[in-house]
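# Structure assessment
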Amino acid sequence: MAPPDVQAEDSWSPHIDIVQIRKDIPRSFPEQPVIATSSHIIESILVEHAKFDPELGYCQGMSCVAAVIASRLTNPAEASMFFRRLVESLRGLWLPG
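A short tour of the structure in this document, coming up. Note that this is a predicted model, so its numbers are computed, not measured. (Residues numbered from 1 in each chain as written. Predicted model: local features only at pLDDT ≥ 70, side-chain atom pairs only at ≥ 80, totals over all residues. Heavy atoms only, no water.)

### What to know about the overall build of the protein
- The number of helices and strands found in the protein is five helices and zero strands.
- Walking the protein from its N terminus toward its C terminus, one meets helices and strands in the order α-α-α-α-α.
- When burial is assessed residue by residue, the protein has 37% of its 97 residues classed as buried.
- In the protein, the proportion of contacts linking residues at least 24 apart, taken out of those at least 6 apart, comes to 65%.
- Summing over all exposed atoms, the protein offers an accessible surface of approximately 5,900 Å²; the carbon and sulfur share of this is 58%. (Helix = DSSP H or I, 4+ residues; strand = E, 2+ residues; numbered from the N terminus. Buried < 20%, exposed > 50% of the residue type's maximum accessible area, 1.4 Å probe, protein only. Contact = heavy atoms within 4.5 Å. Areas by Shrake-Rupley, 256 points an atom, 1.4 Å probe, with all protein chains shown as cover.)

### Details of the pattern of salt bridges
- Scanning all chains against the criterion turns up five salt bridges.
- Close ionic contact of glutamate 43 with arginine 22 constitutes a salt bridge, the shortest N to O distance being 2.9 Å. Of the two residues, glutamate 43 is situated in helix α3 (residues 39–52) and arginine 22 in helix α1 (residues 14–24); the sequence distance between them amounts to 21 residues.
- Taking the relative accessible area as the measure of exposure, glutamate 43 reaches 22% and is therefore partly exposed.
- Aspartate 24 serves as the salt-bridge partner of arginine 27, at 2.8 Å between the closest nitrogen and oxygen.
- Looking at arginine 27, the relative accessible area reads 52%, which means it is exposed.
- Several salt bridges share partner residues, and in doing so they unite Asp53, Glu55 and Arg91 into one network. (Salt bridge = Lys/Arg side-chain N within 4 Å of Asp/Glu carboxyl O.)

### Some thoughts on α3
- If you check α3, its first and last C-alpha atoms are 20 Å apart, about what 14 residues at 1.5 Å a residue would give, namely 20 Å.
- Among the residues of α3, those classed as buried are Ile41, Ile42, Ile45, Leu46, Val47, His49, Ala50 and Phe52. (Expected span 1.5 Å × (residues − 1).)

### A few points about the packing of helix α4 (residues 62–72) against helix α5 (residues 76–90)
- Close contact between α4 and α5 brings their axes to 10 Å; oriented N to C, the two are set at 135°. As judged from the angle between their axes, α4 and α5 are oblique. In this structure, α4 crosses over α5, and the sense of that crossing is right-handed. Residues Met62, Val65, Ala66 and Ile69 of α4 form the contact with α5, whose participating residues are Ala79, Phe82, Phe83, Leu86 and Val87. (Axes fitted to C-alpha atoms, helices over the stretch in contact; angles between N-to-C directions. Parallel < 35°, antiparallel > 145°, perpendicular 65-115°, else oblique. Left-handed = near helix turned anticlockwise from the far one by under 90°.)

### What about α5?
- In this model α5 runs 21 Å from its N-terminal to its C-terminal C-alpha over 15 residues, within 8% of the 21 Å that 1.5 Å per residue would give.
- Every buried residue belonging to α5 is among Ala79, Ser80, Phe83, Arg84 and Val87, and all of these are buried. Burial along α5 is one-sided: seen end-on, the buried residues are contained in an arc of 135°. The exposed set on the far side of α5, more than 90 degrees from its buried face, consists of Ala77 and Ser89.
- Of the surrounding secondary structure, the elements contacted by the buried residues of α5 are α3 and α4.
- In this structure asparagine 75 caps α5, since a side-chain oxygen of it lies 2.9 Å from the backbone nitrogen of alanine 77. (Arc of directions from axis to C-beta. Polar contact = N/O pair within 3.5 Å; in protein donor to acceptor, adjacent residues only side chain to side chain.)

Spelled out as structure tokens, the structure:
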């Protein structure tokens, strides 16, 4: 599946995604201290992805995937790129239908 076309940032509605992302991060593996200390990386991964792919945006379950990646790849740029490639390959799992 081809990656989505990158749209202008002003076509992305950040408020809804950011509110949901900030609700979900603390619920992603709350018993794991490394996740709490990586929350800023997790948030940046998810917000960046939602901007990159506004059609898909942020979906439930992505915070858990981003948390695992952020706990292993502590460089935010590397973690974000890994997440983006992974979601592109599994994009259909989060799309309706």
